[in-house]
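So you can see what is in the structure, the chains are spelled out below.
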Amino acid sequence: MAFTPDKPENREDLVCFYDDDLNEQTFLMYENESEVFYRNNGEWVAIQDSDKTRPDLDGLIMVYVDPAFTPVYDEAQKANEAMSLEEVEQYESAE
């Protein structure tokens, strides 16, 4: 069964990156066997190796999240609202 963001194979497959300096979620990403995707305007967008817009993830906090976080992330992004780290951690995936 191929991984999808709704049914991750591994806990580490769906991750929210959080910027502690800005106090907000930065990226929601998932990785399958061949590609890495990020969430943008309610859609999963593939990141190409040659993509100059590849996000800089250095210094960001990684929170492995449950798929139920995706619509919450979408709503926050649509409303341009920051989420606290505690709010993101409420959706942390089980080990």
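Rules of the game
Residues numbered from 1 in each chain as written. Predicted model: local features only at pLDDT ≥ 70, side-chain atom pairs only at ≥ 80, totals over all residues. Heavy atoms only, no water. Helix = DSSP H or I, 4+ residues; strand = E, 2+ residues; numbered from the N terminus. Buried < 20%, exposed > 50% of the residue type's maximum accessible area, 1.4 Å probe, protein only. Salt bridge = Lys/Arg side-chain N within 4 Å of Asp/Glu carboxyl O. Arc of directions from axis to C-beta. Contact = heavy atoms within 4.5 Å. Phe/Tyr/Trp six-rings, centres within 6.5 Å; stacked < 30°, edge-to-face > 60°. Core = buried A, V, L, I, M, F, W, Y, C linked by side-chain atoms within 4.5 Å.

## Details of the overall build of the protein
Counting secondary structure elements, the protein contains 2 helices and 5 strands. In the protein, the succession of helices and strands from N to C terminus is β-β-β-β-β-α-α. Counting the 95 residues in the protein, one finds 34% classified as buried.

## Re the pattern of salt bridges
On inspection of all chains with the given rule, the structure shows 1 salt bridge. Linking aspartate 74 and arginine 39 is a salt bridge whose minimum nitrogen-to-oxygen distance equals 2.7 Å. You can see aspartate 74 sitting in helix α1 (residues 69–78) and its partner arginine 39 sitting in strand β3 (residues 36–40), a full 35 residues away along the chain. Here the two residues aspartate 74 and arginine 39 agree in accessibility, since each one is buried.

## Side note on α1
Burial in α1 covers these residues: Phe69, Thr70, Tyr73, Asp74 and Ala76. Along the axis of α1, the buried positions cluster into a sector of 165°, meaning they face one direction only. Pointing more than 90 degrees away from the buried face of α1 are the exposed residues Glu75 and Lys78. Tucked inside the fold, the buried residues of α1 contact β1 (14–19), β2 (24–31), β3, β4 (43–47) and α2 (85–89). In the segment just after α1, asparagine 80 is the residue with positive phi, at about 55°.

## Looking at the packing of aromatic side chains
One pair of aromatic rings is described through two measures. These are the centre distance and the angle between the planes. All told, the structure shown has 4 aromatic pairs when counted by the stated rule. Look at phenylalanine 69 and tyrosine 73: their rings are 6.1 Å apart centre to centre, the planes differ by 50°, and that puts the pair in the tilted class. With phenylalanine 69 and tyrosine 73 both in helix α1 and 4 residues apart, the pair spans about one turn of that helix. Comparing phenylalanine 69 with tyrosine 73 shows no difference in burial state: the two are buried. Here the aromatic rings of phenylalanine 69 and tyrosine 91 are separated by 5.6 Å at their centres, their planes lie at 55°, and the arrangement is tilted. With a gap of 22 residues between them, phenylalanine 69 in helix α1 and tyrosine 91 in the segment after α2 connect regions that are remote in the sequence. For phenylalanine 69, a relative accessible area of 0% translates into the label buried. Put simply, the rings of Tyr30, Phe37 and Trp44 touch in pairs and so form one group of aromatic residues.

## Structural notes on the nonpolar core
Counting residues in hydrophobic clusters, the biggest one holds 15 residues, and the most contacted among them are Cys16, Leu28, Val65, Phe69 and Val88. Those elements that place two or more of their residues in this core are β1, β2, α1 and α2. Those residues in contact with valine 88 that lie beyond four places of it in its chain are Cys16, Tyr18, Gln25, Val63, Val65, Phe69 and Met83. Val15, Met29, Ile47 and Leu60 belong to the second-largest nonpolar core, a separate cluster that totals 6 residues.

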